[in-house]
Amino acid sequence: MIEIVIADRCTACNACVTVCPTNVFETGPDGRPVIARQSDCQTCFMCELYCKSDALYVAPDCDRPIPVDAATVLASDLLGQFRRDSGWDEWQGQYPNEHWLMDGVFRRAREAKSSSN
Amino acid sequence: MTAWPTDLVLKANVLVVGGGMAGAWAAATAARTGASVVLADKGYCGTSGVTATAGPGHWWVPPDPPEARPEAIRARANVGLGLCDPYWMARVIALTWEALPTLASYYEFPRDTSNVVQYRALRGPEYMRALRRLISDLGVTILDQSPVLELLQRPDGSIGGARGVRRQQNNTPYRVESGATVLATGGTSFMSHLLGSRTNTGDGYLMAAEAGAELSGMEFTAAYTVAPQHSTMTRSMSYAFAAYYDTDGREIAPAGPDQIRLLARELLRGPVFCSLHRMPADIRAHLPTISPNLMLPFARWGIDPFHDRFEVTLHNDGTIRGTGGVRVVRDDCATSVPGLFVAGDVATRELVAGATSGGGAQNSAWALSSGHWSARGAVDFARSRDQRSLRLRPIGEAGLRPLGTARTSDTRAIVQAVKDEMHPLDKNLFRTGDKLRLSRQRLDSVWNEIRHFAGASPSNPLPAREAAALVASARWSLAAALTRDESRGLHQREDRPETSSRFARRIVVSGLDAVRIRLGDEVDPSTSMEPAQ
């Protein structure tokens, strides 16, 4: 579930408020997004993808909150990983969309299975 | 976006309810004919639904050599166990082949090493972003964060739009008056943790049934997908190379089509662990740029899935990778209700997938194709009618307009009751008549509760309405599963292990307080429907 909006990074663009499919965020009194309904989060990571300042952290646990503190997350290399690997925004061209290779992955898995049988 | 005035009323030729893959294709198709189109999504068109978080490959069969398509259809028809229709399969393949490349100016289709453009498999977030840009450019009015709550009916019984709320504007009500309406609200996982499925609560099933539509194939809801325990990451690609272990560290050999049932039996005994150490190194290196979300949970937990063993679970896919939905009565994805069309997972996928999951490929191709057909049907219907304002009556009931004295309902408890009957592996994957009857009794009582006592909160009507849709969908699934007194495809009855020729037909359900059931005609794949002129 979404765990934190990192105030130091947030530019108050509120893209997360707009794009969250389950309406987890609200714009707070200071104009920045706040996590208003954490239990509605579906752990889809889409907010991170649309956050150009890499200010959001979604913990992988979907069935229990795992509180994190800003310093720990900032020190990790996890913020913005999804957006970078997706090649969005400034990462365009550096991380090409190789999704089309998926067919080949499945094919090789089938081949590996049949050769081991 | 500008703020809408209170009680916003929009008029359009076509209203599309739901902004996932099917809804967006429907909106694009309708808009390309010059029709005015409003698309309303519960969340955000671009991130909502199960396409945005996934990587949909499409059923992609070239027209050459000429025998390729008939062969693909024959192969899938065998898997569909007598319930699919080769005529529909052929038109899905043909339309998908034709339509997907039309997205080329919005989605960067890559080229393989032989410089051949790769259309078949798209990455979800980019696919939905492309579709959103396409429909925006085509002039579609997109209402994000605007859950539709109920349909609007004309005096002649046809559907003339829908009503909902703008949930980021204090749940201000709005209505769209439309010549015709396409439901593209998705299937339902019954609120499992299947990635991206939280908004798919079966709303379209409920709304269609309230208008008098029938549903078909609702018994095929026993599809499950592997995910790391506590996570939503139901991306199947990584599990292509998975090795599974029981608590004693013994490898379980889950080979073949029964893999999920085998894992389920182990999970009923105790925890199951997984390792991806058999994945070749060159594939590992490409995983983040093939499916960037796939490795996020492992990285965040500090787990190396290629060396460590991690616990796994199964998430119910309901009708999302399962099959049931609103019955389609014509080539244009019309329902039996005039002016109401269906696209994607809210429509039954039996026509192409039969008694099984259509997997990713057929399901995506169905969403794309039914999106196109439903839109054309809706445009034709809208053009054929007098568009002058007729009296429109909102027809939503359960969760919106209680029969008894309204009070605040415990919608969480109601949703939990649905999960308790639809998710457990022993109840859903290993069905028996007794277990199904017990589940049905429990959910009949929950239905009674939400029907009489659970009034929608005027300040936040969505949760009660979603809960009602979930209960209704589960009850149809249980009724159909009890009627299908055999085992076939995704529907496996421990007490009826054989497949019976008596049930080589579809099971059609309808009705809300009293669920009506009828057996459809026997499906004879050799006498498929004639194409429409």
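Because the structure is a prediction, the values reported are computed rather than measured.

Trainee: Explain the overall build of chain B here, please?
Mentor: In terms of regular secondary structure, chain B is built from 16 helices and 19 strands. For 533 residues, the compact-globule estimate of 2.2 N^0.38 gives 24 Å, and chain B sits close to it at 22 Å. Summarising its shape, the C-alpha atoms of chain B cover approximately 70 × 55 × 50 Å along the three principal directions. When burial is assessed residue by residue, chain B has 56% of its 533 residues classed as buried.

Trainee: Explain the overall build of chain A here, please?
Mentor: Per the secondary structure count, chain A includes five helices and four strands. Each helix and strand of chain A, placed in order from N terminus to C terminus, yields the pattern β-α-β-β-α-β-α-α-α. For a compact globule of 117 residues, the expected C-alpha radius of gyration is about 13 Å, and chain A comes in at 17 Å, more than 25% above that figure. If you line up chain A on its principal axes, its C-alpha atoms span 60 × 35 × 30 Å. A sequence separation of at least 24 residues applies to 53% of the contacts in chain A between residues at least 6 apart.

Trainee: It is not clear to me how the packing of helix α13 (residues 411–422) of chain B against helix α16 (residues 462–483) of chain B should be interpreted in this structure. Could you clarify?
Mentor: The description of two helices packed together rests on the angle between their axes and the distance between the axes. All names here are of chain B. Interhelical geometry of α13 versus α16 gives an angle of 25 degrees and a closest axis separation of 9 Å. When the axes of α13 and α16 are compared, the pair comes out roughly parallel. Where α13 crosses over α16, the two elements pack in a sense that is left-handed. Judged by residue contacts, Thr411, Ile414, Val415, Val418, Glu421 and Met422 of α13 engage Pro463, Ala464, Ala467, Leu470, Val471 and Ala474 from α16.

Trainee: Quick question: what am I supposed to make of the nonpolar core here?
Mentor: Nonpolar side chains in soluble globular proteins generally cluster together in the buried interior. Residue and element names in this part refer to chain B. The biggest cluster of nonpolar side chains holds 184 residues, and the ones touching the most others in it are Val14, Ala27, Val37, Leu39, Val182 and Val471. Per-element tally for this core: the top contributor is α16, with 13 residues. Ignoring sequence-local partners within four residues, the contact set of Val14 consists of Ala30, Ala35, Val37, Ser178, Gly179, Ala180, Val182, Ala375, Ala378, Val379 and Ala382.

Trainee: Just to check I follow, could you spell out the domain arrangement of chain B for this structure?
Mentor: It is common to report an interface's size as the accessible area lost on association of the parts. All names here are of chain B. Looking at chain B, the domain boundaries give domain 1 (8–221 + 319–394), domain 2 (224–316) and domain 3 (407–522). When each unit is reduced to the centre of its C-alpha atoms, the spacing between domain 1 and domain 2 is 31 Å. On the domain 2 side, the residues contacting the nine residues of domain 1 number nine residues. Per-class residue counts for the side of domain 1 that touches domain 2 are three nonpolar, five polar and one charged.

Trainee: Looking at this structure, how should I read the sheet that holds strand β9 (residues 243–245) of chain B?
Mentor: Strand pairs in the sheet, formed through backbone hydrogen bonds, run parallel or antiparallel to each other. Residues and elements named next belong to chain B. Spatial strand order, β8-β12-β11-β9-β10: five strands in an open sheet with antiparallel pairing. At either end of the open sheet lies a strand with only one pairing partner, and these are β8 (224–228) and β10 (251–252). Inspection of the sheet shows β9 paired to β10 by two bridges, in the antiparallel sense. Bridge pairing in β10 places Tyr245 opposite Glu251. Helix α7 (residues 259–269) rests against β8, β9, β10, β11 (272–275) and β12 (310–316) of the sheet, and its axis sits at about 115 degrees to β12.

Trainee: Looking at this structure, how should I read the interface of chain A and chain B?
Mentor: On the side of chain B, 48 residues touch chain A, which itself brings 37 residues to the contact. Contributing elements (two or more residues each) for the side of chain A that touches chain B: α1 (15–19), α2 (46–50), α4 (81–85) and α5 (102–116) of chain A. If one sorts the elements of the side of chain A that touches chain B by residue count, α5 of chain A sits on top with eight residues. Taken together, the residues of the side of chain A that touches chain B break down into 21 nonpolar, nine polar and seven charged.

Trainee: What's the story with the packing of helix α6 (residues 203–211) of chain B against α16 of chain B in this structure? I'm lost.
Mentor: All names here are of chain B. Direction vectors running N to C along α6 and α16 enclose 80 degrees, while the axes themselves pass 8 Å from each other. When the axis of α6 is compared with that of α16, the two are roughly perpendicular. Contact residues: Asp203, Tyr205, Leu206 and Ala209 in α6; Glu466, Ala468, Ala469, Ala472 and Ser473 in α16.

Trainee: What is the right way to look at the environment of Ala334 of chain B in this model?
Mentor: Residue and element names in this part refer to chain B. Structurally, the position occupied by Ala334 is in the loop between β13 (325–326) and β14 (340–342). Under the C-beta neighbour-count criterion, Ala334 is labelled buried, with 22 such atoms within 10 Å. The spacing of Ala334 and Ala378 is 44 residues in sequence and 8.2 Å in space, taken between C-alpha atoms. For Ala334, the residues in contact, after removing those within four places along its chain, are Val329, Phe341 and Gly377.

Trainee: Looking at this model, I keep getting lost on helix α5 (residues 124–137) of chain B. Mind explaining?
Mentor: Since the α-helix packs 3.6 residues into each turn, any two residues three or four apart lie on the same face. Taking 1.5 Å per residue, 14 residues should reach 20 Å; α5 of chain B reaches 20 Å between its end C-alpha atoms and fits that length. Of all 14 residues in α5 of chain B, 10 are buried, a share of seventy percent or more. Taken as a whole, α5 of chain B has its buried residues at Gly124, Pro125, Glu126, Tyr127, Met128, Arg129, Leu131, Arg132, Leu134 and Ile135 of chain B. Tucked into the core, α5 of chain B has its buried residues touching α2 of chain A together with α1 (21–32), β2 (37–40), α2 (49–52) and β3 (141–143) of chain B. Note on α5 of chain B: the residue one or two positions beyond its end, Gly139 of chain B, has a positive phi of about 90 degrees.

Trainee: When you look at unusual backbone geometry in this model, what are you seeing that I'm missing?
Mentor: Most peptide bonds are trans, and most residues other than glycine sit at a negative phi. Residues and elements named next belong to chain B. With an omega of -5 degrees, the peptide bond between Asp64 and Pro65 qualifies as cis. Take Pro65: it is sitting in the loop between α2 and α3 (68–79). One non-glycine residue, His230, lies in the positive phi region at around 75 degrees. Note on placement: His230 falls in the loop between β8 and β9. You will see that Cys333, though not glycine, has its phi angle at about 60 degrees, which is positive.

Scoring rules and cut-offs
- Residues numbered from 1 in each chain as written.
- Chains lettered and ligands numbered in written order.
- Predicted model: local features only at pLDDT ≥ 70, side-chain atom pairs only at ≥ 80, totals over all residues.
- Helix = DSSP H or I, 4+ residues; strand = E, 2+ residues; numbered from the N terminus.
- Rg over C-alpha atoms; globule rule 2.2 N^0.38 Å.
- Buried ≥ 20, exposed ≤ 12 C-beta atoms within 10 Å, placed from the backbone.
- Contact = placed C-beta atoms within 7 Å.
- Axes fitted to C-alpha atoms, helices over the stretch in contact; angles between N-to-C directions.
- Parallel < 35°, antiparallel > 145°, perpendicular 65-115°, else oblique.
- Left-handed = near helix turned anticlockwise from the far one by under 90°.
- Core = buried A, V, L, I, M, F, W, Y, C linked by C-beta atoms within 7 Å.
- Domains from an automatic or database assignment.
- Nonpolar A, V, L, I, M, F, W, Y, C, P; charged D, E, K, R; others polar.
- Pairing = 2+ DSSP bridges.
- Expected span 1.5 Å × (residues − 1).

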